Amino acid sequence: MMSGRVRERHHSRVWLSVGGLVAAGLILAAVTLGFRAHYLGWFGESVSNVANWGADWQDWLDQQPIEHPALVHLMPGGCLCRFFTAGHAAELSARADTLGYHRYQAGDNFLSEALAVPLHTRSFPQSPGPMLALTGVDGQIRYLGPYSDGLRCTTANSLVDDWLPLTRLGQVLQVDANSCQCSGFAPAAAGG
């Protein structure tokens, strides 16, 4: 049987442990919310003129030494979002290969060269975070925008999967998505 003093120490330890767990949970929640607030945002905030944005990317793609149809991954330099994107990007590259796409990557190389050949270019049009372009056999953009809707980049919330089959007609410049943004990103000024 525990004496009164031993019981008090035991209860104190239990309450300290519970208090520590609660404090750790609150800290984790604050860090998570801060991270989400800093790295998650509307992709469209960065694009004040969608037509110009698409034209800038088309011009950039036209200047690259690539074959079409192409899947071009873009990872802005030093972007923490790469950890949320790499798995889905690798899956897309593997599927794109079976569908006849030539696969490339620009910015920071975050995939193996077997999945996407690096484009050795120092600049590219504005991008707030990881995104990709799909082109048709004619070299025209079929899809341009983020990989998925949400902070985590998976096939479950993919915006791209439906556009992979080359039989899909049309074009989408996807800016209506809440996606991972790279640190240091500032939305484009309105009107331009």
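Residues numbered from 1 in each chain as written. Predicted model: local features only at pLDDT ≥ 70, side-chain atom pairs only at ≥ 80, totals over all residues. Heavy atoms only, no water.

### Considering helix H3 (residues 82-98)
Each α-helix turn comprises 3.6 residues. Residues three or four places apart therefore point the same way. Over its 17 residues, H3 runs 24 Å from end to end, which matches the ideal 24 Å to within 8%, given 1.5 Å per residue. Residues of H3 that are buried include every one of Arg82, Thr85, His88, Ala89, Leu92, Ser93 and Ala96, and no others. In this structure, the buried side of H3 is in contact with strand S2 (70-75), strand S3 (102-107) and strand S5 (131-135). One or two residues past the end of H3 sits Gly100, with phi positive at roughly 95°. (Helix = DSSP H or I, 4+ residues; strand = E, 2+ residues; numbered from the N terminus. Expected span 1.5 Å × (residues − 1). Buried < 20%, exposed > 50% of the residue type's maximum accessible area, 1.4 Å probe, protein only. Contact = heavy atoms within 4.5 Å.)

### Some thoughts on unusual backbone geometry
Each neighbour pair has its own omega, and for His68 with Pro69 the value is 0°, a cis peptide bond. Of note, Pro69 is situated in the loop between helix H2 (50-63) and S2.

### Description of the pairing of S2
The element S2 is largely enclosed, with a buried count of 6 among its 6 residues. Residues of S2 alternate between two faces, with Ala70, Val72 and Leu74 on one and Leu71, His73 and Met75 on the opposite face, all of them buried.

### Thoughts on the side chain of Asp161
Residue placement: Asp161 occurs in the loop between strand S6 (141-145) and strand S7 (172-173). There is a polar contact of 2.8 Å between the side chain of Asp161 and the side chain of Arg95. (Polar contact = N/O pair within 3.5 Å; in protein donor to acceptor, adjacent residues only side chain to side chain.)

### Topic: the pattern of salt bridges
All told, the structure shown has 2 salt bridges when counted by the stated rule. Salt-bridge contacts for Asp161 lead to Arg95; the nearest nitrogen and oxygen are separated by 2.8 Å. Taken as a pair, Asp161 in the loop between S6 and S7 and Arg95 in helix H3 lie far apart in primary sequence, 66 residues in all. With a relative accessible area of 35%, Arg95 lands in the partly exposed category. Two residues, Arg103 and Asp97, come together in a salt bridge whose shortest N-O distance is 3.7 Å. (Salt bridge = Lys/Arg side-chain N within 4 Å of Asp/Glu carboxyl O.)

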